[in-house]
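# Remarks on the overall topology
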Amino acid sequence: MFDYSARPELLKDRVILVTGAGRGIGAAAAKTFAAHGANVLLLGKTEANLTQVYDEIEAAGHPQPAVIPFNLETALPHQYDELAAMIETEFGHLDGLLHNASIIGPRTPIEQLSGENFMRVMHVNVNAMFMLTSTLLPLLKLSQDASVVFTSSSVGRKGRAYWGAYGVSKFATEGLMQTLADEVDTVAPVRSNSINPGATRTSMRAQAYPGENPLNNPTPEEIMPVYLYLMGPDSTGINGQAFNAQ
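Remember, predicted model here, so these are calculated numbers, not experimental data.

## Re helix H2 (residues 47–59)
End to end, H2 covers 18 Å across 13 residues, agreeing with the expected 18 Å (1.5 Å per residue, within 8%). Buried residues in H2 make contact with helix H1 (24–35), strand S2 (39–44) and strand S3 (66–69). Once H2 finishes, Gly 61 follows within two positions and takes phi at roughly 80 degrees, a positive value.

See below:
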């Protein structure tokens, strides 16, 4: 496990947007960031899940989060602009962006992978991530110390059979992270890095490995040290790096 111990007020007054915040790693990250003082913007497509995370954060006495229902699969360009405008009006800037939302798609040989399924996975995992990044970058540049964290995978660092669209999307994720990192290096107070969560006890992992005993994998809460490190000031100057949570 990534070795890092965060001080309680590490993220005090920081405004951090988390995609896919309704469950799994996204929900754990949102609650963890809030517990360390952040104002968390909960973005996801299922409002009921976001509201549950909101209620848990509020019940714990942490800074009030914001719920942003937003479907990355269907969102149009003007909706990204409206999202950025809303964040600027309500919060003035953005200190952190965690790209966590993604879909796995069919795990099948490339020969049997339909174009429709391939394009759907690439749209959610890559196109939407690009749109959010480019649209929110001006707000991140208004921060004194901003961090963009991309969620990668081991199959996005070395290709593996049957991971088709998902694997290709995670290679693209690493590419976008590196490209952004090189662009902001020394010219903006923004850093860009990726995290491979590894095998974690989530519904997506269960979908990918139905025969695996989930209890053998750590919970999302247990892999949070690297997320805290990259979102907080202790990682200032760390840019363009690929991290493993485990």
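## So, the packing of helix H4 (residues 115–141) against helix H5 (residues 164–184)
Following both chains from N to C, one finds H4 and H5 inclined at 15 degrees, their axes separated by 8 Å at the closest point. As far as their axial angle goes, H5 and H4 are roughly parallel. Classified by chirality, the crossing of H5 by H4 is right-handed. Residues Phe 118, Val 121, Met 122, Asn 125, Val 126, Met 129, Phe 130, Thr 133 and Leu 137 of H4 pack against Ala 165, Tyr 166, Val 168, Ser 169, Ala 172, Thr 173, Leu 176 and Leu 180 of H5.

## Quick look at the side chain of Ser 152
With respect to the helices, strands and loops of the structure, Ser 152 is situated in the loop between strand S5 (146–151) and H5. Reaching out from Ser 152, the side chain makes a polar contact with the side chain of Glu 174 at a distance of 2.6 Å. Once you skip the residues sitting within four places of it in the chain, Ser 152 turns out to touch Arg 157, Lys 170, Glu 174, Ser 194, Ile 195, Asn 196 and Pro 197.

## Thoughts on unusual backbone geometry
Residue Asp 13 is not a glycine yet carries a positive backbone phi of 70 degrees. Mapped onto the fold, Asp 13 is located in the segment before strand S1 (15–19). In this model, Thr 186 sits at a positive phi of 70 degrees, which is unusual for a non-glycine residue. Looking at where Thr 186 falls in the secondary structure, it is placed in the loop between H5 and strand S6 (190–196). Since its relative accessible area comes to 76%, Thr 186 is described here as exposed.

## Quick notes on the sheet that holds S5
Note: strands within a sheet are paired through backbone hydrogen bonds, in either parallel or antiparallel orientation. Pairing is parallel across the open sheet formed by seven strands, whose spatial order is S3-S2-S1-S4-S5-S6-S7. Because the sheet does not close on itself, it has two edges, and the strands there are S3 and strand S7 (242–244). Neighbour to neighbour, the strand axes of the sheet diverge by 20 degrees on average, direction disregarded. Sheet analysis places S1 next to strand S4 (residues 96–99), joined by three bridges and oriented parallel. Looking across to S4, one finds that Val 18 is bridged to Leu 98. Along the sheet face, helix H7 (residues 224–231) touches S1, S4, S5, S6 and S7 and points at about 170 degrees away from the line of S6.

## Considering the packing of helix H3 (residues 77–91) against H4
Taken N-terminus to C-terminus, the directions of H3 and H4 make an angle of 35 degrees; their axes are 10 Å apart at the nearest point. Here the hand of the crossing between H3 and H4 comes out right-handed. Contact residues: H3 offers Pro 77, Tyr 80, Asp 81, Leu 83, Ala 84, Ile 87 and Glu 88, while H4 offers Ala 128, Met 131, Leu 132, Thr 135, Leu 136 and Leu 139. Across the contact of H3 with H4, the residue classes tally to ten nonpolar, one polar and two charged.

Rules behind the numbers
- Residues numbered from 1 in each chain as written.
- Predicted model: local features only at pLDDT ≥ 70, side-chain atom pairs only at ≥ 80, totals over all residues.
- Heavy atoms only, no water.
- Helix = DSSP H or I, 4+ residues; strand = E, 2+ residues; numbered from the N terminus.
- Expected span 1.5 Å × (residues − 1).
- Contact = heavy atoms within 4.5 Å.
- Axes fitted to C-alpha atoms, helices over the stretch in contact; angles between N-to-C directions.
- Parallel < 35°, antiparallel > 145°, perpendicular 65-115°, else oblique.
- Left-handed = near helix turned anticlockwise from the far one by under 90°.
- Polar contact = N/O pair within 3.5 Å; in protein donor to acceptor, adjacent residues only side chain to side chain.
- Buried < 20%, exposed > 50% of the residue type's maximum accessible area, 1.4 Å probe, protein only.
- Pairing = 2+ DSSP bridges.
- Nonpolar A, V, L, I, M, F, W, Y, C, P; charged D, E, K, R; others polar.

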